[in-house]
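# Chain and residue survey
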Amino acid sequence: MSKIRAMITGVGGYVPDYVLTNHELETMIDTSDEWITTRTGIEERRILKGEGKGTSVMAIEAVKELLVKTSTNPEEIDLLICATVTPDRVFPATANIIATNVGAVNAFGFDVEAACSGFIYSLSTGSQFIETGKYKKVIIVGADKMSSIINYTDRTTCILFGDGAGAVLLEPTNEEYGIMDFIHKSDGSGVEYLHMKSGGSQSPASHRTVDAKEHFVFQEGVAVFKFAVTNMADYAAEVMKRNNLTANDIAWLVPHQANKRILDATARRMGIEDNKVMMNIQKYGNTTGGTIPLCLWDFESKLKKGDNIILAAFGGGFTWGSVYIKWAYDGK
Ligand code: UT7
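A quick note: this is a predicted structure, and the numbers were derived from the prediction, not measured.

## What to know about empty space enclosed by the protein
Per the counting criterion, the structure on display carries 1 cavity of 30 Å³ or more. What the largest cavity holds in volume is close to 30 Å³. For the largest cavity, the full set of lining residues is C116, S117, F119, I120, T288, G289, T291, I292 and A313. The set of elements that each furnish at least two residues to the lining of the largest cavity consists of α5 (118-131) and α10 (291-299). Tallied by class, residues from the lining of the largest cavity come to 5 nonpolar, 4 polar and no charged.

See below:
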C-alpha cells in the first residue's frame, strides 16, 4: 500500500478590524512612517481591542471559517494544535478553548510554543498523526495577540508586531500531494536575544516585574536579523536539495513575515524571484504564529494543485526550519 501523506485541504483566517497605522505610531513614539516602511516593509498592523479578549477569539473565527469552507462537521475533528506565544492563559491550553468553542467535541488538543516557527513545527507534528493512519482530520492553528505582550513605548519592537490568526485542515491522501518533507531546528542559546523576561516559573509576575516592564517582548533586532536570514535560507535550500528541487521548480516561497528586508534577503539567497514570494507584512506586520497561515489565506486563490511550496520560518528560541508542500487543490 502506498504511503499516507497529510495534505492541506483548506485555509481559514481572521484579523481584527482595528488598523494601527504607521501614522498613528508616529503620534505614540519617536518614529516615522518612512523609517518603518524602509526598514521593515510594514505599513499597518491589526490590533484586537476589547477587555478580556484573548488569542482564542481570533483563532475561533479562523477555525469557524475553515470548517465552513471545507464543509467539515466539527465533531469529525480528531486533533487541534494551536501554535502561539500568547495563549489566553498560561494554562490550560488555548487549543482546548478553541476546540470547545467551534464544536470540536471529539478532538484532543494542545499548544505548541515555538514562537515564530510555531506554525511549521505544529504542521509537521499534526501531519505525523495523519501519516500513521491514526487520524483523519487535524486542524493546525497559528494565532497570536502580540499586542498583549508589546511595550508601546519601545520603538524597536512596537512597530513590528500585530494580531491575527490562521488555520489549516489536514486530511490523508495516498497520492503524491501534501506535506512532503521538513527540517526543524532549535538553539536555546538564542534566549538572550529574543524573549519575555518574566511571567514564567523562573521569574513569576510580581509588582517588581511589572514595574520593570518585564512582561513585554525584548529583542536584539540586529542579532536576530542575521540569524534569521542565514538560517531560513539555508534550511529551505536544504529541504529543496534533498527533494531534487531547484528554484525554477518552486511556485511559492512562504516565509515567516518578520521584516521585508529579511524576506528579500532570504529569497535572494535561495535564488527565488520576488513574484514567487508570498508577502502580506505590509498589512499585518509580524503576527508570530499567524504569519504563514495568513499568507496561505491571502494567496489561496492563486494556488494550484501540484504547486511546490516552501515554508520557512525563524523565531524566538531560537527556532527555525522549513517545510516542503505539494499543494493538493486549486485555489478558489
Ligand atoms: O519574528 C521574530 C524574529 N524577528 C526578526 O526577525 C526581527 C529581526 N530584526 C529586525 O527586523 C530589525 O533589526 C529591526 C527592524 C528590529 C531594526 O532594524 P535595523 O535596521 O536593524 O535597525 P537598528 O536596530 O540597527 O537601529 C538603527 C537606528 C538606531 O538608531 P542609532 O542607534 O543608529 O542612532 C535605532 O535607535 O534606528 C533607530 N530606531 C528607530 N528609529 C525610528 C530603532 N527603531 C526605530 C523606530 N523609528 N521605530
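What follows continues from the structure just given.
## Quick look at the nonpolar core
Counting residues in hydrophobic clusters, the biggest one holds 47 residues, and the most contacted among them are I159, V217, L253, M270, I272, I310 and F314. Looking at this core, the element that brings in the most residues is helix α7 (residues 221-242), giving 9 residues. Residues lining this core come from more than one domain, with at least three contributed by each of domain 1 (5-177) and domain 2 (180-326). With near-sequence residues (within four places) excluded, I159 lies in contact with L25, I29, T31, W35, I36, T40, I42 and R45. Core analysis: the next-biggest nonpolar cluster, separate from the first, contains 33 residues, I120, L123, C295 and I309 among them.

## A closer look at the sheet that holds strand β8 (residues 178-186)
One open sheet holds the 4 strands; their spatial order is β8-β13-β12-β11, and the pairing between them is mixed. Both edges of this open sheet fall to β8 and β11 (252-255), since each of them pairs with a single strand only. Within this sheet the neighbouring strands show an average axis-to-axis angle of 15°, counted without direction. As defined by bridge partners, β8 adjoins strand β13 (residues 319-326) across 8 bridges and the pair is classed as antiparallel. What sits directly across from I183, in β13, is S322. Contacting β8, β12 (308-315) and β13, α5 runs over the sheet at an angle of about 130° to β8.

## Some words on the domain arrangement of the protein chain
By domain assignment, the protein chain separates into domain 1 (5-177) and domain 2 (180-326). Summarising the inter-unit geometry, the C-alpha centres of domain 1 and domain 2 are found 14 Å apart. On the side of domain 2, 46 residues touch domain 1, which itself brings 52 residues to the contact. Together domain 1 and domain 2 conceal approximately 3,800 Å² of surface at their shared face, both sides included; 64% is due to carbon and sulfur atoms.

## As for the packing of helix α3 (residues 55-69) against helix α4 (residues 94-102)
At a minimum axis separation of 9 Å, α3 and α4 run at an interaxial angle of 45°. As judged from the angle between their axes, α3 and α4 are oblique. For the element pair α3 and α4, the recorded crossing hand is right-handed. From α3, S56, A59, I60, V63, K64 and L67 reach across to α4, where they touch T94, I97, I98, N101 and V102. When grouped by side-chain class, the residues that make up the contact of α3 with α4 number 7 nonpolar, 3 polar and 1 charged.

## Here we look at the site of the ligand
Not every one of the 22 residues close to the ligand is listed here, only the nearest: T31, R39, N259, R261 and N286. R155 is positioned with one of its backbone polar atoms (N or O) 2.9 Å from a nitrogen atom of the ligand. One nitrogen or oxygen atom from the side chain of Q219 is found 2.9 Å from a nitrogen atom belonging to the ligand. The fraction of the free accessible surface of the ligand (960 Å²) that becomes covered by protein chains is 73%.

## Observations concerning the environment of A312
When you line up the elements, A312 lands in strand β12. Considering only alpha carbons, one finds A312 and T266, 46 residues apart in sequence, at a separation of 9.3 Å. In this structure A312 touches M232, A236, L253, V254, P255, H256, I292, G321 and S322, once residues within four positions along its chain are discounted.

## Focus: the sheet that holds strand β6 (residues 138-145)
As summarised here, the arrangement of the 5 strands in space is β1-β7-β6-β4-β5, forming an open sheet in which the pairing is mixed. Each edge of the sheet is formed by a strand with only one pairing partner; in this case those strands are β1 (5-14) and β5 (108-112). Strand after strand, the sheet turns through a mean of 20° between neighbouring axes, direction not considered. By the bridge criterion, 5 bridges tie strand β4 (residues 79-83) to β6 in an arrangement that is parallel. Of the residues in β6, the one forming a bridge with L80 is I139.

So, how was this worked out
Residues numbered from 1 in each chain as written. Predicted model: local features only at pLDDT ≥ 70, side-chain atom pairs only at ≥ 80, totals over all residues. Heavy atoms only, no water. 1 Å grid on protein atoms, 1.4 Å probe; cavity = no way out; pocket = protein on both sides within 12 Å on 5 of 7 lines; lining within 4 Å. Points joined across faces, edges and corners; volume = space filled by probe spheres on them. Helix = DSSP H or I, 4+ residues; strand = E, 2+ residues; numbered from the N terminus. Nonpolar A, V, L, I, M, F, W, Y, C, P; charged D, E, K, R; others polar. Core = buried A, V, L, I, M, F, W, Y, C linked by side-chain atoms within 4.5 Å. Buried < 20%, exposed > 50% of the residue type's maximum accessible area, 1.4 Å probe, protein only. Domains from an automatic or database assignment. Contact = heavy atoms within 4.5 Å. Pairing = 2+ DSSP bridges. Axes fitted to C-alpha atoms, helices over the stretch in contact; angles between N-to-C directions. Buried area = accessible area lost by both parts, 1.4 Å probe. Parallel < 35°, antiparallel > 145°, perpendicular 65-115°, else oblique. Left-handed = near helix turned anticlockwise from the far one by under 90°. Near = heavy atom within 4 Å. Polar contact = N/O pair within 3.5 Å; in protein donor to acceptor, adjacent residues only side chain to side chain. Areas by Shrake-Rupley, 256 points an atom, 1.4 Å probe, with all protein chains shown as cover.

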